[in-house]
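Close look at the chain arrangement
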Amino acid sequence: MEDIKFIIFDLDGVFYKDEHCIEGGKEIVEHIKKNDTEFCFLTNNSNHPLNFYKNRLEACKISVEEDKIVTTGVLLQNYIVKNFSTRSSIYVLGSSFLKNSLYKLFDFDDTNPDIVVLGMDENIKLKDISKVINIISDKTKIIASNPDKLIPKKETFGLECGVLIDIIKDMTGKDIKVVGKPDSFAYSYIIEKFSADKKQTLMVGDTYETDILGAKNFGLKTVWVNTGNKLPTSIRDDNFLRIDSLKELVKFL
Ligand SMILES: [Mg+2]
């Protein structure tokens, strides 16, 4: 770990669960700031503007610039702008923040859109999912925020975008592009944005299937932290560090 110069931290289940702060977050950020290690936060969440995550970290006594926070809202916007013409029409199933940010850039179309975007929002109803299935045609490209099925809450779990991906894939038979972890788009966006060196970059997260597998496949070092999602019981992978909380990470860096 001595040669680590850049750390990508997941947020949910690592620094907080809802409004509940997880121990060790403030300490690890202070520690790496002292060591001049660069860092950023990468969340598979697309529901809110950057200042929401900044405020949530501030409530846990961690002060960071918005520029260090990357959400799947940011990734979706970048991916779509890079890969589609500005004349493309779009329909978004997700939070009002995600809708507003994409409807500013592309034409809203709720009958036969070129692009359908899947995010997550607690207020999504079954009829909203049915509508999306009905407006997807041969030409429609489907782009999703993240494949996580659950998000850890303080004592429970909530449903995430992966559940929508499953239903819509099943019903339409279409491929769905994911921009968040574990997709390499998320990691390459960060490596480029922060001019980081892949070989000296560490990913710290609580979800094996996204944080750990995605980062490993991209060639990063990884640490799994046991404060959010549990490890899959079928796991046969010993090649990553496991710690109980961020507090423990201090001694490795
Ligand atoms: Mg997480």
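Please read these numbers as outputs of a predicted model, since none were measured by experiment. (Residues numbered from 1 in each chain as written. Predicted model: local features only at pLDDT ≥ 70, side-chain atom pairs only at ≥ 80, totals over all residues. Heavy atoms only, no water.)

The next point concerns the pattern of salt bridges. Taken as a whole and assessed by the stated rule, the structure comprises 16 salt bridges. Of the charged contacts in the structure, one is a salt bridge between Lys177 and Asp183, with a shortest N-O distance of 3.0 Å. When its relative accessible area of 27% is taken as the criterion, Lys177 is described as partly exposed. Each of Asp10, Lys181 and Asp211 takes part in salt bridges that share partners, so that together they form one network. (Salt bridge = Lys/Arg side-chain N within 4 Å of Asp/Glu carboxyl O. Buried < 20%, exposed > 50% of the residue type's maximum accessible area, 1.4 Å probe, protein only.)

What follows deals with unusual backbone geometry. Residue Pro182 is reached from Lys181 by a cis peptide bond, and omega for that bond is 10 degrees. Relative to the assigned elements, Pro182 resides in the loop between β12 (176-178) and α7 (184-193). Unusually for a residue other than glycine, Asp18 sits at a positive phi of about 50 degrees. Here Lys61, not a glycine, exhibits a phi torsion of approximately 65 degrees, which is positive. Tracing the chain through its elements places Lys61 in the loop between α2 (50-59) and β5 (69-70). (Helix = DSSP H or I, 4+ residues; strand = E, 2+ residues; numbered from the N terminus.)

Attention shifts here to the packing of aromatic side chains. Considering all chains together, one arrives at eleven aromatic pairs under this definition. Between Phe39 and Phe41, the aromatic rings sit 5.8 Å apart at their centres with planes inclined by 85 degrees, giving edge-to-face as the arrangement. The class for Phe41 is buried, based on a relative accessible area of 0%. Here a set of aromatic residues connected by ring pairs shows up, and it is made of Phe9, Phe15, Phe39 and Phe41. When the ring centre of Tyr16 is taken as reference, the NZ or CZ atom of Arg56 above it lies at 5.5 Å. Above the face of the Phe218 ring, Lys198 is positioned so that its terminal group lies 4.1 Å from the ring centre. (Phe/Tyr/Trp six-rings, centres within 6.5 Å; stacked < 30°, edge-to-face > 60°. Lys NZ or Arg CZ within 6 Å of the ring centre and 35° of its normal.)

Time to look at empty space enclosed by the protein. This structure, assessed with the given rule, holds one cavity of 30 Å³ or more. Along the wall of the largest cavity there are 17 residues; nearest its centre are Asp10, Asp12, Asn44, Asp148 and Ile151. At the level of secondary structure, the elements contributing two or more residues to the lining of the largest cavity comprise β10 (150-152) and α8 (208-218). When residues of the lining of the largest cavity are sorted by domain, at least three fall in each of domain 1 (6-71 + 181-252) and domain 2 (73-178). (1 Å grid on protein atoms, 1.4 Å probe; cavity = no way out; pocket = protein on both sides within 12 Å on 5 of 7 lines; lining within 4 Å. Points joined across faces, edges and corners; volume = space filled by probe spheres on them. Domains from an automatic or database assignment.)

Glancing now at the domain arrangement of the protein. By domain assignment, the protein separates into domain 1 (6-71 + 181-252) and domain 2 (73-178). Look at where the C-alpha atoms of domain 1 and domain 2 centre, and you get two points 24 Å apart. Taken residue by residue, the interface counts 26 residues in domain 1 and 24 residues in domain 2. Across the domain 1 to domain 2 interface the summed buried area is about 2000 Å²; carbon plus sulfur atoms make up 57%. Summed over the three residues of domain 1 that lose the most area to domain 2, namely Ser46, Asn47 and Phe185, the buried surface amounts to 28% of that side. (Contact = heavy atoms within 4.5 Å. Buried area = accessible area lost by both parts, 1.4 Å probe.)

A separate point is the sheet that holds strand β6 (residues 89-93). Strand order in the open sheet made by the five strands is β7-β6-β8-β9-β12, with parallel pairing throughout. Looking at strand neighbours, the two that pair on one side only are β7 (107-108) and β12, the edges of this open sheet. Pairing of strand β9 (residues 141-144) with β12 involves three bridges; the strand directions are parallel. The residue bridging Ile143 from the neighbouring strand is Lys177, located in β12. Against the sheet, helix α3 (residues 72-83) touches β6, β8 (115-118), β9 and β12, its axis set at about 150 degrees to β9. Strand contacts of helix α4 (residues 96-103): β6, β7 and β8, with the helix running at about 170 degrees to β6, the strand carrying the most contacts. (Pairing = 2+ DSSP bridges. Axes fitted to C-alpha atoms, helices over the stretch in contact; angles between N-to-C directions.)

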